[in-house]
Amino acid sequence: MPSDLDFLSPTSVDEAIALKAVPGTAWLLGGTDLLPQMRAGRKAPGRLVDLKRIPGLHEIREVADGGLSIGAAVPLADVEVHPDVLDRFPLLAECAKTVGAWPLRQRATLAGNLCNASPAADTAVALLALEAEVEVASTVGRRTIPIREFFLGPGLSALEPGELVTAVVLPGASAGFRGSYLRLSRRKGMDLATVGVLVGKSNGTLPARWRVALAAVAPTPLRLRAVEELLEAKGAAAASEAAEAARLACRPITDLRGSAEYRREMVGVLVRRGALSLG
Amino acid sequence: MIASGRIGTDVPRVDGLEKVTGAAQYTADLKFPRLLHVAVVRSPHPHARVLDVRTEKALRMPGVRAVVSGRDFPLHTGIYLKDQTVFATDRVRFVGDPVAAVAAETPEAALEAAALVAVDYEPLPPIFDVEEGIADGAPLVHPDLGSYEVVPWIRPKSGTNVCNHLKIRKGDYASALAGSWRVFENVFRVPQVQHVPMEPHVSVARVDLAGKVEVHTSAQSPFTVRHLLAACFGLSHGDVRVHVPYVGGGFGGKAGINLEPIAVALAMRCRGRWVRFMVDRHEEFYATVVRQGLTATLVTGVDRSGKVQAQKMHYLWNCGAYGGYGVNIVRSAGYTCGGAYEFPNVEGDSIGVYTNRPVGSAYRGFGMQEIHWALEQQMDKVALEIGMDPVEFRLLNALGAGKATVTGQVLDEHAGRVDLCIRSVADEIGMDPGRQKTPYRGKGIACAVKAPAMPNDAASSVVMKFAEDATLEILIAGIDYGQGLMTVVAQFAAEALDIPVEMVRVRGCPDTDLSPYDWQTVASRQTWATGNAVLRGAEEIRRKLCDTAGEALGVPASELILRGGAVVHEATGRSLPLARLVMGYQFPDGHAIGGPVASATSYLPEGLLFLDPETSQSAKPVAKWTFGAQAVEISVDPETGQVTVERIAACYDVGRVVNPGLIRGQTYGGIVQGLGTGMMEELLVDTKTGRAMNASLMDYKIPSTEDVPAEMVVDFVETPQKDGPMGARGIGEHTMIPTPAAIANALYDACGIRISEMPITAEKVWRALKEKERAASEAGVAPAVPASVTA
């Protein structure tokens, strides 16, 4: 890792965007993905633009439709204990608290976890389930990317070069989902998921709405709308059927953490367990 | 007369405050003026001939002060077998083998220059498995093996990949096997694992303008580092000085010699400058040292009573590219091949095999966890196959007073009681044979034994001296890298002299110029060996104090005792505080007697005998044995294969508990490390490229706090060790030996499957359960427990 990096700390989004125009510039939030990648020689930016001094990016605030906007620089540790998150979007807290360890989550951010676009990103499954929207800004203006369009492949997202994620918005319509993030890993804490399965169910709506999203079993985090529809039609009684559908829908690979075969089977097991627990 | 009160009590760590405040300095904390940084050029090939190394470009780079390679330093090193050069000369033997090194003004310049060193290789066929390694016509990792210097009790086989072979021949195995009621044969495997010390290896060296070599290093053995550096570079021991500051974990990986020769080689080319070689976590994994792999084939023949009559143990060790240290693990596993059991007729072979994997070396347990993984599962299987309770089967076959080990050593009543340890943990976990079984919950037990594996003349010594206020300073060269040696030394001295522990300062960061000799901090030998030297020193101190006090008080020295920081004459009630004696006693008229009180004492194990070269029979091959057992209760998630260790009990016969808090900590740590190697650790090598595939903390997992069992119950038996300090014997390594085998046995108890290759991962358990279900359905038998249970 070179020691003669340029390090800049803009205090506004516009300034940050302007600085990114120089080739070889990388955004820096918590750095928990970027710095290890730099140390390993997989990324070699010549300068870092730190976004943590930009005041607006630190807020978790309510938006007009009753949803929540989570600024790009908000660390996961703040997300997982935020009263509004816990009250209305508990699935996100469930997922956020499985990322690394508590000290690491003081640095790691929700936006950073998204932009790294890991197929195993734990928070991505919650955002997929909650139909989050990713607000981005660039020299050409601002736009919103629906989360279902965000992940393109391992390490690949729909962000254009120079686009900065400013916030992740959880829509008010997604409030009230309950459920659990079931996750297998090689040890019980501080490990990447071998398989992650989020199963959620709306609270109080009739008919109930369901959400099923998977981590680490496809080139991107997956949301399985067909499985959700099955559960919406038949309820938790269809847990086994839903499990089988999810098992067939995932596209896992074999790597150091587990074989494709094991992962596929575990998707089935965990989807069934998640659905039954909400029955 | 020894007072009491400081042994067997929770004396707080004497180094605790320094460590929790950050005052303790570790090698990488030390500041050196104009420090040079090191980068190493490492082999990308698992096996290749080195045709040419060109360093000119690297040398011309700005900031580069030295570039060295194999042609500059062709000397061999190795603690028992000198099979390694500082840098590869004609051949590289694993991915990571050092070929050249650079010292430069900045770490970046060193790295850049290392990339400019051009090496021409001619790749050779690599071998990764022991079976390939011992096959006829296998490529030779060390074609010159026959020419290497080696200690007389290690036996490499020239013209093969075998770096050591120890044979045990006891009784008449063949006849006993033929006469056995039933015979069982099984194969078990253990992969290479890494130590993962919190502090990676680091060494800083300087050669001053007069030629004296000085090294600060994170090591377990300053004197062995000095000894091997002197041999490697052809120096007088008197011109090599080794300092060891606090060490952040070693687990055997910092035993012997490691980074030091590379740092010294570079320092020789930039006289007067300090050169620091510090590996990062990635290099720590694949390029320092690892635990050896093992393939164990066991054959057991039992009679109708359940007594083992014939036992064959064939251990093939995957030593990796160099075996300088590992050859002694092969030997140790040989003379301990029967574990905690009495086997009357034995054929044992422990064979070390070179491969093109990372370098095998010492690792906590020194081969014992590996062989117990095999042996303790074998004992369990045999017991269950013949319809005996595994606990009773162990007790029936256990070693004890009057019984002979595999080397024919007959144990006496001081040797320690494995039977009591077995009963303790079996009771704690509730292993009675009639117990109620719950599906997917299981209980398992495993025994452990280990002796110190060291040369017969491995010695420890200490210097004790007083400051003016009667503070007792004890100089040691054993390293306290967490196990609590400094505290235990203070306790022994305070107890023997009846002074407060607070009056003792243990100088535990040795400097070979000033500290007394200690062979190595390995083999669970420090409490025992250093402790003995301390007690001898205390006796000498006591005698000197009493001599002076007797003269001062006008009473016979023999009537004086040490009590409460004073020398006391009980008959008259007269006494003198130590502060009036330690620098000499001055009479009222001004004349003085005595003088600064000090001692220098040592301990060397007595009466150890070499093993017979053909049969390894020996009446006293080792100084002592420490026995123990662990039992566990686990639960298994049958759908995911995940195993949870719910409770674990451990019991060891340690002779004497010196410090309950420290020994409990040692045991908890061993259990967790045992759980790590047993359930998640394996250094994977890609057999196409020879590269380590998981050489990072992201890909190689050790237990986190969440993996620690909810309940660990620790118990000790105290059968005093005859030659142990106040009866104590070693325990440091033993705590992790039986854990994986106990879990494996519990897994069988829980759901009828066996994992013969460590580690027991969830996916392996899941596969084995599926296989069992498939086999059962093919056989038309419904599984005993439903394979699918809703959680």
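1. Notes on the pairing of strand β13 (residues 210-215) of chain A
Residue and element names in this part refer to chain A.
- Within β13, 6 of the 6 residues are buried, which leaves the element mostly enclosed by the surrounding structure.
- By the alternation rule, side chains of β13 split into W210, V212 and L214 and R211, A213 and A215, which are all buried.
- Bridging between strand β12 (residues 195-201) and β13 involves 6 bridges; their strand directions are antiparallel. The residue bridging G196 from the neighbouring strand is A215, located in β13.
- Relative to strand β14 (residues 222-223), β13 runs antiparallel, the two being bridged by 2 bridges. Looking across to β14, one finds that A213 is bridged to R223.
- The hairpin formed by β13 and β14 contains 6 residues between the paired strands, and A216 there has a positive phi angle of roughly 70 degrees.

2. A few points about the packing of aromatic side chains
Residue and element names in this part refer to chain B.
- In the structure shown here, the tally under the stated rule is 15 aromatic pairs over all chains.
- Each ring, one from Y26 and one from Y246, has its centre 6.1 Å from the other, and the planes form 45 degrees; the classification is tilted. Here the residue Y26 occupies a position in the loop between α1 (16-21) and β1 (36-42), and Y246 occupies one in the loop between β13 (240-243) and α7 (260-268), the gap between them amounting to 220 residues.
- For Y26, a relative accessible area of 23% corresponds to the partly exposed category.
- Taken together, a centroid distance of 5.4 Å and an interplanar angle of 80 degrees make the contact between W528 and Y603 edge-to-face. One end of the pair, W528, is in helix α14 (residues 526-553); the other, Y603, is in strand β29 (residues 598-603), and 75 residues separate them in sequence.
- Assessed through its relative accessible area of 0%, W528 is described here as buried.

3. As for the side chain of H165 of chain B
Residue and element names in this part refer to chain B.
- Position of H165 among the secondary structure elements: in strand β9 (residues 162-170).
- For H165, a relative accessible area of 16% gives the class buried.
- Among the polar contacts made by the side chain of H165, one reaches the side chain of D349 at a distance of 2.7 Å.
- For H165, the contacting residues outside a window of four places in its chain are R155, K157, D349, S350 and I351.

4. Some thoughts on the domain arrangement of chain B
Residues and elements named next belong to chain B.
- By the assigned domains, chain B splits into domain 1 (16-24 + 458-603), domain 2 (32-124 + 201-278) and domain 3 (290-454 + 610-778).
- Taking the mean C-alpha position of each, domain 1 and domain 2 sit 39 Å from one another.
- Interface of domain 1 and domain 2: buried area, both sides summed, is about 1800 Å²; carbon and sulfur atoms make up 55% of it.
- Contact with domain 2 buries surface across domain 1, with Y481, T512 and Q520 losing the most and accounting together for 34% of the total.
- In this structure, the connection of domain 1 to domain 2 is made through 3 salt bridges.
- Here R241 makes a salt bridge to D511, at a shortest N to O gap of 2.5 Å.
- Summed over the shared surface of domain 1 and domain 2, the result is 11 residue pairs in polar contact (both at pLDDT 80 or more).
- Of the residues contributing to the side of domain 1 that touches domain 2, the split by class is 12 nonpolar, 4 polar and 6 charged.

5. Brief notes about the sheet that holds strand β11 (residues 202-207) of chain B
Residues and elements named next belong to chain B.
- What the 7 strands build is an open sheet, ordered β3-β7-β1-β14-β11-β12-β13; its pairing is mixed. Since the sheet does not close on itself, it has two edges, and those belong to β3 (64-69) and β13, each with one partner. Mean inter-strand twist for the sheet, computed between neighbouring axes without regard to direction, equals 20 degrees.
- Here 4 bridges tie β11 to strand β14 (residues 275-278), and the two strands are oriented antiparallel to one another. Across the sheet, V202 pairs through a bridge with M278, a residue of β14.
- Lying over the sheet, helix α6 (residues 222-233) contacts β12 (213-217) and β13, oriented at roughly 150 degrees with respect to β13.
- Packing against the sheet, α7 makes contact with β1, β3, β7 (98-104), β11, β12 and β14, and its axis sits at approximately 30 degrees to β11.

Thresholds applied
Residues numbered from 1 in each chain as written. Chains lettered and ligands numbered in written order. Predicted model: local features only at pLDDT ≥ 70, side-chain atom pairs only at ≥ 80, totals over all residues. Heavy atoms only, no water. Buried < 20%, exposed > 50% of the residue type's maximum accessible area, 1.4 Å probe, protein only. Helix = DSSP H or I, 4+ residues; strand = E, 2+ residues; numbered from the N terminus. Pairing = 2+ DSSP bridges. Phe/Tyr/Trp six-rings, centres within 6.5 Å; stacked < 30°, edge-to-face > 60°. Polar contact = N/O pair within 3.5 Å; in protein donor to acceptor, adjacent residues only side chain to side chain. Contact = heavy atoms within 4.5 Å. Domains from an automatic or database assignment. Buried area = accessible area lost by both parts, 1.4 Å probe. Salt bridge = Lys/Arg side-chain N within 4 Å of Asp/Glu carboxyl O. Nonpolar A, V, L, I, M, F, W, Y, C, P; charged D, E, K, R; others polar. Axes fitted to C-alpha atoms, helices over the stretch in contact; angles between N-to-C directions.

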